[in-house]
Amino acid sequence: MNVVRVTHHFQASPERVFDAWLDPRTAGKWLFATPTGQMVRVEIDARIGGRWILVDRRNGEDVEHSGEYLEIDRSRRLVFTFGVPKYSSEITEVTIEIEPSESGCDLTLTQTAVPDEYLKSNEKGWLGILVGLAENIAE
Amino acid sequence: MLRTLAAGEQNIGELAAPFRMSFAAASKHVKVLEGAGLVRRHVQGRRHVCRIQPGPLAAADEWLHSYRRLWTEQLDRLDSLLQAEDRVQSKGKGPKP
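Residues numbered from 1 in each chain as written. Chains lettered and ligands numbered in written order. Predicted model: local features only at pLDDT ≥ 70, side-chain atom pairs only at ≥ 80, totals over all residues.

> Mind laying out the overall build of chain A, listing which residues take part and the relevant values?
Counting secondary structure elements, chain A contains four helices and seven strands. N-terminal to C-terminal, the α/β element order of chain A is β-α-α-β-β-β-β-β-β-α-α. Residue burial in chain A is summarised as follows: out of 139 residues, 18% are buried. Long-range pairs, those at least 24 residues apart, make up 32% of the contacts in chain A between residues at least 6 apart in sequence. (Helix = DSSP H or I, 4+ residues; strand = E, 2+ residues; numbered from the N terminus. Buried ≥ 20, exposed ≤ 12 C-beta atoms within 10 Å, placed from the backbone. Contact = placed C-beta atoms within 7 Å.)

Right, dumping it as structure tokens:
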């Protein structure tokens, strides 16, 4: 499976780095922002199952980035789905993990592809997982 | 197995050898790779010759590369923003004239 992992050290507290993802005023300044674009819409419903939308206007074209929060554990762990519908129907899952360090914190971002069959129907997706599990046990 | 195939064509027996796999087990494994579009098998007489299909692997590589670049840029931008906020704050806290 495709997995992207990126780490970054910040000279800021874990709380500040964590909140930068969920506070609309801060997130709108950097998240999916481009140097020449203009952030025209920032909506963050920071609860499990809540949606987020960031729209960056690039040369008059609105590019929407959106998803849903799956886990929120302040200053430690944040998991959300992520898609850019304009460019692709692909939905990926992004996990942010933040560990305090002596001079600030270390952030690890992991992104994984979400198999299509899980998205088409949640029920079907779970059934697939259970069938897979049953097969594993049977072996 | 894919790493071995990246070096060139191999038949099933040659692919199985380093893994101490049976011919049948190796053949089953190749079938999975074929199903994923990563490997193609040609039958030459009694030999089943396998060849890697670079297309899907290149696409996967491109996927990883573009997202890694995106997130590296995002995190750099967040870092700059937080540092800029710190500079403004330390100015505000400075001694009053």
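Having seen it, we continue.
> Kindly report on the overall build of chain B, identifying the contributing residues and their values.
Each helix and strand in chain B was counted, giving four helices and three strands. Across chain B, helices and strands are ordered from the amino to the carboxyl terminus as α-β-α-α-β-β-α. Out of the 97 residues in chain B, the part that is buried amounts to 13%. Counting only contacts in chain B whose residues sit at least 6 apart along the sequence, the fraction spanning at least 24 positions is 37%.

> I'd love a proper account of the sheet that holds strand E2 (residues 39–44) of chain B, names of residues and values included.
Residue and element names in this part refer to chain B. Across the sheet, which stays open at both edges, the three strands sit in the order E1-E3-E2 with antiparallel pairing between neighbours. The sheet is open, and its two borders are formed by strand E1 (10–11) and E2, each paired with just one other strand. For E2 and strand E3 (residues 47–52), the ladder comprises six bridges, and the chain directions are antiparallel. In the sheet register, Gln44 faces E3, and the bridge partner there is Arg47. Sheet strands in contact with helix H3 (residues 23–35) are E2 and E3, and its direction is about 125° off that of E2. (Pairing = 2+ DSSP bridges. Axes fitted to C-alpha atoms, helices over the stretch in contact; angles between N-to-C directions.)

> So what's going on with the interface of chain B and chain A? Which residues, and what values?
Across the contact, 14 residues belong to chain B and 15 residues belong to chain A. Its residues placed into classes, the side of chain B that touches chain A shows nine nonpolar, two polar and three charged. (Nonpolar A, V, L, I, M, F, W, Y, C, P; charged D, E, K, R; others polar.)

> Break down the sheet that holds strand E6 (residues 91–101) of chain A for me, with residues and values.
All names here are of chain A. A sheet is described by the order of its strands in space; here seven strands give the open sequence E1-E7-E6-E5-E4-E3-E2, paired in antiparallel fashion. Strands with a single pairing partner mark the edges of an open sheet, and in this sheet they are strand E1 (3–10) and strand E2 (38–44). Ignoring strand direction, the axes of neighbouring strands in this sheet form an average angle of 20°. Here E2 pairs with strand E3 (residues 51–58) via six bridges, running antiparallel. Counted as the bridge partner of Val42 is Leu54 from E3. Packing against the sheet, helix H1 (residues 14–22) makes contact with E1, E2, strand E5 (77–83), E6 and strand E7 (104–113), and its axis sits at approximately 160° to E6.

> So, helix H4 (residues 54–92) of chain B: which residues are in play, and what are the values?
With 39 residues, H4(B) ought to run about 57 Å at 1.5 Å a step, and its terminal C-alpha atoms sit 57 Å apart, in line with that. The elements touched by buried residues of H4(B) are E1, H1, helix H2 (24–30) and E7 of chain A. (Expected span 1.5 Å × (residues − 1).)

> Report on the environment of B:Gly55, specifying residues and quantitative values.
In this fold, B:Gly55 is placed in helix H4. B:Gly55 gets classed as exposed once you count the C-beta atoms within 10 Å, which come to 10.

> So, the confidence of the model for chain A: which residues are in play, and what are the values?
Summarising the model, chain A shows a mean pLDDT of 86, and 81% of its residues fall at 70 or more. This stretch, residues 117–128 of chain A, has a pLDDT under 50; its non-local contacts, to residues over four places away or in other chains, come to six contacts. (pLDDT = per-residue confidence, 0-100.)

> Quick one: what's the story with the nonpolar core, residue by residue and with numbers?
Counting residues in hydrophobic clusters, the biggest one holds 24 residues, and the most contacted among them are A:Val17, A:Trp21, A:Ala27, A:Leu31, A:Leu54, A:Cys105 and A:Leu107. Contributing elements (two or more residues each) for this core: H1, H2, E3, E5 and E7 of chain A together with H4 of chain B. Looking at this core element by element, the count peaks at five residues for H1(A). Setting aside chain neighbours within four positions, we find A:Leu54 in contact with A:Ala27, A:Gly28, A:Leu31, A:Phe32, A:Met39, A:Val42 and A:His65. In this structure, B:Met1, B:Leu15, B:Ala16 and B:Val39 belong to the second largest nonpolar core, which totals nine residues. (Core = buried A, V, L, I, M, F, W, Y, C linked by C-beta atoms within 7 Å.)

> Got a sec to walk through the environment of B:Thr4? Specific residues and values, please.
Residues and elements named next belong to chain B. Its place among the elements puts Thr4 in helix H1 (residues 2–6). Remark: the alpha-carbon pair of Thr4 and Leu15, spanning 11 residues in sequence, is separated by 7.4 Å. Discounting residues that sit within four places of it in the chain, Thr4 has contacts with Gln10 and Leu15.

> Outline the pairing of E5(A), supporting the account with residue identities and numerical values.
All names here are of chain A. Here strand E4 (residues 61–73) runs beside E5; their pairing, made up of five bridges, is antiparallel. Looking at E5, one finds that Ile72 is bridged to Leu78. The antiparallel hairpin formed by E4 and E5 contains three residues in its connecting segment, where Ser75 sits at a positive phi of about 70°. Bridge count between E5 and E6: seven bridges; the pairing is antiparallel. Bridge assignment links Phe80 to a residue of E6, and that residue is Val94.

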